[in-house]
Protein chains: 2
Amino acid sequence: MLSERRLEVLRAIVQDYVGTEEPVGSKALTERHNLQVSPATVRNDMAALEEEGYIAQPHTSAGRVPTDKGYRLFVDKLADVKPLSAPERRAIQNFLDGAVDLDDVVGRTVRLLAQLTRQVAVVQYPSLSRSTVRHVELLSLAPARLMLVLITDTGRVEQRVVDCPAPFGETSLADLRARLNSRIVGQRFSEVPGLVADLPESFDLEERGTVSTVLSTLLETLVEETEERLMIGGTANLTRFGQDFPLTIRPVLEALEEQVVLLKLLGEAKDSGMTVRIGHENAHEGLTSTSVVSVGYGSGDEAVAKLGVVGPTRMDYPGTMGAVRAVARYVGQILAEN
Amino acid sequence: MLSERRLEVLRAIVQDYVGTEEPVGSKALTERHNLQVSPATVRNDMAALEEEGYIAQPHTSAGRVPTDKGYRLFVDKLADVKPLSAPERRAIQNFLDGAVDLDDVVGRTVRLLAQLTRQVAVVQYPSLSRSTVRHVELLSLAPARLMLVLITDTGRVEQRVVDCPAPFGETSLADLRARLNSRIVGQRFSEVPGLVADLPESFDLEERGTVSTVLSTLLETLVEETEERLMIGGTANLTRFGQDFPLTIRPVLEALEEQVVLLKLLGEAKDSGMTVRIGHENAHEGLTSTSVVSVGYGSGDEAVAKLGVVGPTRMDYPGTMGAVRAVARYVGQILAEN
DNA sequence: CTTGGCACTCGCCAGGAAGGAGTGCCAGGG
DNA sequence: CCCTGGCACTCCTTCCTGGCGAGTGCCAAG
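Looking at an unreviewed UniProt entry, one finds chain A named Heat-inducible transcription repressor HrcA, with Streptomyces litchfieldiae as its source organism. According to the UniProt record, the Function (unreviewed entry) comment for chain A reads "Negative regulator of class I heat shock genes (grpE-dnaK-dnaJ and groELS operons). Prevents heat-shock induction of these operons." As recorded by UniProt, the Sequence similarities (unreviewed entry) comment attached to chain A reads in full: "Belongs to the HrcA family."

Side note on the overall build of chain A
In terms of regular secondary structure, chain A is built from 12 helices and 10 strands. Here the C-alpha radius of gyration of chain A, 26 Å, is well above what a compact globule of 338 residues would show, namely 20 Å. Taking all 338 residues of chain A together, the buried fraction comes to 40%. Summarising the internal contacts of chain A: among those between residues at least 6 apart in sequence, 61% fall at separations of at least 24.

Describing the packing of helix α1 (residues 4–20) of chain A against helix α4 (residues 68–78) of chain A
Helix-helix packing is described using two parameters, namely the angle between the two axes and the distance between the axes. All names here are of chain A. The contact between α1 and α4 brings their axes to 10 Å, and the two run at 110°. Considering the angle they form, α1 stands roughly perpendicular to α4. Handedness of the α1/α4 crossing: left-handed. Residues Leu7, Leu10, Arg11 and Val14 of α1 lie in contact with α4, whose contacting residues are Gly70, Tyr71, Leu73, Phe74, Lys77 and Leu78. Of the residues contributing to the contact of α1 with α4, the split by class is 7 nonpolar, 1 polar and 2 charged.

Some words on the protein's contact with DNA strand D
Close contacts around DNA strand D come from 21 residues, with Gly25(A), Val37(B), Ser38(B), Thr41(B) and Ser61(B) the closest. The set of elements that each furnish at least two residues to the surface near DNA strand D consists of α2 (26–32) and α3 (39–52) of chain A together with α3 (39–52) of chain B. By residue number, the principal contributor to the surface near DNA strand D is α3(A), which donates 4 residues. The class makeup of the residues in the surface near DNA strand D is 8 nonpolar, 10 polar and 3 charged.

A look at the relation of the copies chain B and chain A
Once chain B is rotated about the relating axis by 179° and shifted along it by 0.0 Å, it coincides with chain A to within an RMSD of 0.1 Å. With respect to symmetry, the two chain copies, as superposed, fit the operation of a two-fold axis. The residues that chain B uses at the interface reappear at the interface of chain A in 100% of cases, marking a shared surface.

Regarding the sheet that holds strand β10 (residues 305–312) of chain A
All names here are of chain A. Strands sit in the order β7-β3-β10-β9-β8 across an open sheet of 5 strands; the sheet is antiparallel. Two strands close off the open sheet at either side, each with one partner strand: β7 (230–233) and β8 (274–278). Neighbour to neighbour, the strand axes of the sheet diverge by 15° on average, direction disregarded. Alignment of β8 against strand β9 (residues 290–297), held across 5 bridges, turns out to be antiparallel. Paired with Ile278 across the bridge in β9 is Ser291. Helix α6 (residues 102–117) rests against β3 (120–124), β7 and β10 of the sheet, and its axis sits at about 150° to β3. The strands touched by helix α12 (residues 317–337) within the sheet are β8, β9 and β10, with β9 carrying the most contacts at an inclination of about 25°.

So, unusual backbone geometry
Within the chain, Ser61(A) stands out as a residue other than glycine whose phi angle is a positive 65°. Its location among the elements puts Ser61(A) in the loop between β1 (55–56) and β2 (65–66). What makes Ser61(A) exposed here is the crowd of 7 C-beta atoms within 10 Å. Phi angles above zero are rare outside glycine, and Arg118(B) is one such case at about 55°.

A look at the interface of chain B and chain A
Contacts between chain B and chain A engage 21 residues on the former and 21 residues on the latter. Residue assignment for the side of chain B that touches chain A shows that the elements contributing at least two residues are β4 (133–142), β5 (145–152), β6 (157–163) and α10 (245–257) of chain B. A total of 7 residues in the side of chain B that touches chain A trace back to one element, the largest contributor, which is α10(B). Its residues assigned to classes, the side of chain B that touches chain A comprises 10 nonpolar, 5 polar and 6 charged.

Concerning the packing of α6(A) against α12(A)
All names here are of chain A. For the pair α6 and α12, interaxial distance at closest approach is 10 Å and the crossing angle is 160°. By the angle class used here, α6 and α12 are roughly antiparallel. Handedness of the crossing formed by α6 with α12: right-handed. In this structure, α6 contributes Val105, Thr109, Leu112, Leu113, Leu116 and Thr117 to the contact, and α12 contributes Thr320, Ala323, Val324, Val327, Val331 and Ile334. For the contact of α6 with α12, a count of residues per class yields 9 nonpolar, 3 polar and no charged.

Overview of the protein's contact with DNA strand C
Neighbouring residues of DNA strand C: 21 residues in total, closest Val37(A), Ser38(A), Thr41(A), Ser61(A) and Gly25(B). Among the secondary structure elements, those contributing two or more residues to the surface near DNA strand C are α3 of chain A together with α2 (26–32) and α3 of chain B. When residues of the surface near DNA strand C are assigned to their parent elements, the largest contribution, 4 residues, is made by α3(B). Counted by class, the surface near DNA strand C contains 8 nonpolar, 10 polar and 3 charged residues.

A few points about the sheet that holds β5(B)
Whether parallel or antiparallel, the strands of a sheet pair through hydrogen bonds between backbone atoms. Residues and elements named next belong to chain B. An order of β4-β5-β6 is seen for the 3 strands of this open sheet, with the pairing classed as antiparallel. Of all strands in the sheet, those bounded by a partner on one side alone are β4 and β6. Taking the axes of each pair of neighbouring strands and ignoring which way they run, one obtains an average angle of 20° across the sheet. Pairing between β4 and β5: 8 bridges, direction antiparallel.

Calculation notes
- Residues numbered from 1 in each chain as written.
- Chains lettered and ligands numbered in written order.
- Predicted model: local features only at pLDDT ≥ 70, side-chain atom pairs only at ≥ 80, totals over all residues.
- UniProt positions renumbered as here; feature names shortened; annotations may be inferred.
- Helix = DSSP H or I, 4+ residues; strand = E, 2+ residues; numbered from the N terminus.
- Rg over C-alpha atoms; globule rule 2.2 N^0.38 Å.
- Buried ≥ 20, exposed ≤ 12 C-beta atoms within 10 Å, placed from the backbone.
- Contact = placed C-beta atoms within 7 Å.
- Axes fitted to C-alpha atoms, helices over the stretch in contact; angles between N-to-C directions.
- Parallel < 35°, antiparallel > 145°, perpendicular 65-115°, else oblique.
- Left-handed = near helix turned anticlockwise from the far one by under 90°.
- Nonpolar A, V, L, I, M, F, W, Y, C, P; charged D, E, K, R; others polar.
- Near = placed C-beta within 6 Å.
- Least-squares fit on C-alpha atoms with pLDDT ≥ 70 in both.
- Pairing = 2+ DSSP bridges.

Put into structure tokens, the structure is as follows:
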């Protein structure tokens, strides 16, 4: 176990390195933080910390830099989430209050997060699989062609074109629409399959094919996880990464473009509470020099989606975590008001 | 007027510079292109081209680099759009054919363009203002709260929540829905205002308020240009820009995040035919060292939106233009089939 | 366990020299 | 009149070198 002071030294190293982006040496440490001990002592502590793998030297005779393991310890034990200032909180609320629809909420959230953290922000759209049905609409486009529109309680709208095996009359359509809605409105998606399974039976034989097709399209839409969308923003902040650019920034941009990667990333995070994944803890290899701070948000007590930021492992964890948490909270409120 | 050979020299310079990213000298030119003249002659031609402002020297005793004006001449007079190879065309078609809905079409198009051109791709969603109404749906969320859903012929769906001044019954709602649809389905957006202006009159006094509110929300949705959405992709390709990174890449990333900027950019392009804006021809100052190649696309003969790529002024214009044109053509086909 | 001292390691930063690509100009030839 | 080869010149780039300084590890003493 590390002594109290050694932890203090680690904390100081992380803080300084995050601030200066330069390896930090023993002398500078004692000057900037009043550790009440001499540089020589700090050197011994540093040697011990290095031995344990919390810090490393880029090369002999350079200062120390925290390792992923060091950041991990820092985040777990040494850092307090830094709450936002009152003006910041007000600004968040004001900005989010101006949103007119779901796209707008998500868009504003992304911009907000990116601005507050000065990092890349990622916001997942409220997930279909955890929300409930507000309405299902069926429209006739052509005699044997329907459009299915699904509206969720989070305000999300999904539409699909359905090609029917046989023409389907307007009255049957109204009938189906009414029955569908009376059964599934207000229900969670996971319940829907059980609630509509017997619907085809109550229709004439020649209409059953169409009804079944519509239902399977509906269920497909509900299940389809690949349809989970997200929005990212603040990629310009990547340019503050370091100066050895192309190599650092490129894989990150590539990873960010792969929505699948990001969704997986967010999916791996805990459902409740904040998750911080540091460096190599991220499975994707383009993101091994980044950290991801994410948290679930939702309109009620339950999370319906996640949001977070992606930044260099050398980031201001307390501040970032504070911003992420605050934004998630306010977005949840906004969604609930709807 | 420049002699034929000098134009040829300019073309060679552009081609070489695009390939090597390095200033090109007279000797290398005569070797790589069989110009049938000596380096000394080329030097004279280069001096003339420089005099006219088509090329420039980064510094004395370096090779020449094309200026914006040089690229402009190249694009206007010297370059042929390079058609894609048959396999490439097949690949495009196959890839786009797999799309399931509008979002998917646009998403695939972006990825395709980014991959083909190895640059940043921008695709505007089919514009509301030029398309026609396929259906308007009205749903009752609460006694005095409606949801308005607008579906366009391009498959785009917009929804708005409408707060009514007074409760609005289900029968009135059905009535309004039916009348609205019978009047405006199939009409272009620009026609809609004139077609619905007298609708409130045919309703009871206490319902007129609601009807008017619904109508104005509808018209708002139709007009609202800020709602024009677009998708971008291939930002990772920015890392191939040069090596003086942060300064070059940053403003571009920032500009790309501002959808307004991009929409304006695309809006400035000609409605028909391909538009190439080179370097300082782009109004936005973050994009003065980039070129934008854009073209309209649409389901019929008329363009409903635009797409294009953003890349360094030093780009392969013939190839890029070929890819952009081809992709636009195929996307148009896909939309038309719908 | 802490501290000051001390030798040592290396990365970083001028400063200078060598190399080379490219130019401009000029005089001669078709 | 235009093209060509030759030549001197410019100036960027690269490499090397030496000095500087930050930082370390180790040691002996308190």
